[in-house]
Amino acid sequence: MKNNFFFTAIDAGLFAGFISIALQMALVSIFMPGKFWRPPRMMAAIVFGKGVLPPSDTTFGVIIVGFIIDYILSILFAIIVGFIVSRMAMAPAIGVGIVIGLTLYFINFYVFTGVFPWFSKSRLWVTVFTHIVYGFVAAWSFKSFYGTWPTVSVINNGNRQPL
């Protein structure tokens, strides 16, 4: 029995969004000390403007808005990933997911910099890597979640029947 496409895409988007933002924040804090909150602040600046970027004070509200924007975009992109990979086998779907992640990186950090110029400061290997991870996880989790939830069934005369 297949799961609902959109609920599966939402789950995949939330999961991939969580993994990628957590990984990005961890890598930023390791390789760019003192910039742990940079990723959600950059996302929040889409709504609030560049005034919420450093050196301004980090507030709880700005961080929450940044996470909300990140998850909304992650869900929207996972819907696109789901439409593209839903009929593929797992291995090609993951490959396509990685390509989508790289494409999102180039769109976000080269095209959207015309509107959000502060994104150009994050053209770093960490950001490329976390976009690749997002695409991988979005495709893998969509394929894993869509149509694979177990159903309770009984075997009757050699045939499997749902309860």
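As a reminder, the structure under discussion sits directly above these lines.
A brief structural summary. A quick note: this is a predicted structure, and the numbers were derived from the prediction, not measured. (Residues numbered from 1 in each chain as written. Predicted model: local features only at pLDDT ≥ 70, side-chain atom pairs only at ≥ 80, totals over all residues. Heavy atoms only, no water.)

**Things to note about the overall build of the protein**
Then step 1. Scanning the protein from terminus to terminus reveals five helices and two strands.
Then step 2. Helices and strands in the protein line up, N terminus first, as α-α-α-α-α-β-β.
Then step 3. Burial status across the protein gives 40% buried among its 163 residues.
Then step 4. When contacts within the protein are restricted to residue pairs at least 6 apart in sequence, those whose partners lie at least 24 apart make up 65%.
Then step 5. Summed over all atoms, the accessible surface of the protein reaches about 9,200 Å², with 71% contributed by carbon and sulfur. (Helix = DSSP H or I, 4+ residues; strand = E, 2+ residues; numbered from the N terminus. Buried < 20%, exposed > 50% of the residue type's maximum accessible area, 1.4 Å probe, protein only. Contact = heavy atoms within 4.5 Å. Areas by Shrake-Rupley, 256 points an atom, 1.4 Å probe, with all protein chains shown as cover.)

**Describing the packing of aromatic side chains**
Then step 1. Going through the model one piece at a time under the given rule, you end up with 18 aromatic pairs.
Then step 2. Aromatic pair Tyr 105 and Phe 106: ring centres 5.2 Å apart, planes at 75 degrees, arrangement edge-to-face.
Then step 3. Tyr 105 gets classed as buried once you look at its relative accessible area, which sits at 4%.
Then step 4. Residue class for Phe 106 comes out partly exposed when judged on its relative accessible area of 46%.
Then step 5. Ring plane angle 25 degrees and centroid distance 5.2 Å describe the contact between Tyr 105 and Phe 109, whose orientation is recorded as stacked. Residue Tyr 105 and its partner Phe 109 are located together in helix α4 (residues 90–111), separated by four residues, close to a single helical turn. (Phe/Tyr/Trp six-rings, centres within 6.5 Å; stacked < 30°, edge-to-face > 60°.)

**What about the nonpolar core?**
What tends to happen in soluble globular proteins is that the nonpolar side chains get buried as a cluster.
Then step 1. Ranked by internal contacts, the top residues of the largest apolar core, which has 19 residues, are Val 81, Tyr 134 and Phe 142.
Then step 2. Every element with two or more residues in this core is listed here: α1 (5–31), α3 (60–85), α4 and α5 (125–145).
Then step 3. Residue contributions to this core peak at six residues, all from α5.
Then step 4. Leave out the neighbours within four places in its chain, and Val 81 touches Ile 100, Ala 138 and Ala 139.
Then step 5. Among the nonpolar cores identified, the runner-up in size contains 13 residues, and Ala 44, Tyr 105, Phe 116 and Phe 119 belong to it. (Core = buried A, V, L, I, M, F, W, Y, C linked by side-chain atoms within 4.5 Å.)

**Remarks on the packing of helix α2 (residues 38–48) against α3**
Then step 1. At their nearest, the axes of α2 and α3 sit 7 Å apart, and the two run at 90 degrees to each other. By the angle between their axes, α2 is roughly perpendicular relative to α3. Packed against α2, whose contacting residues are Pro 40, Arg 41, Met 43, Ala 44, Ile 46, Val 47 and Phe 48, the element α3 presents Val 62, Ile 63, Val 65, Gly 66, Phe 67, Ile 69, Asp 70 and Leu 73 at the interface.
Then step 2. Partitioning the contact of α2 with α3 into residue classes produces 12 nonpolar, one polar and two charged. (Axes fitted to C-alpha atoms, helices over the stretch in contact; angles between N-to-C directions. Parallel < 35°, antiparallel > 145°, perpendicular 65-115°, else oblique. Nonpolar A, V, L, I, M, F, W, Y, C, P; charged D, E, K, R; others polar.)

**Some words on empty space enclosed by the protein**
If a probe the size of a water molecule is rolled over the atoms, the empty space left behind becomes visible.
Then step 1. Taken as a whole and judged by the stated rule, the model has one cavity of 30 Å³ or more.
Then step 2. If you add up the space inside the largest cavity, you get close to 40 Å³.
Then step 3. Gln 24, Val 28, Met 32, Arg 38, Pro 39, Ser 122, Leu 124 and Thr 127 are the residues that line the largest cavity.
Then step 4. For the lining of the largest cavity, the elements supplying multiple residues, two or more each, are α1 and α2.
Then step 5. Among the residues forming the lining of the largest cavity, the class breakdown is four nonpolar, three polar and one charged. (1 Å grid on protein atoms, 1.4 Å probe; cavity = no way out; pocket = protein on both sides within 12 Å on 5 of 7 lines; lining within 4 Å. Points joined across faces, edges and corners; volume = space filled by probe spheres on them.)

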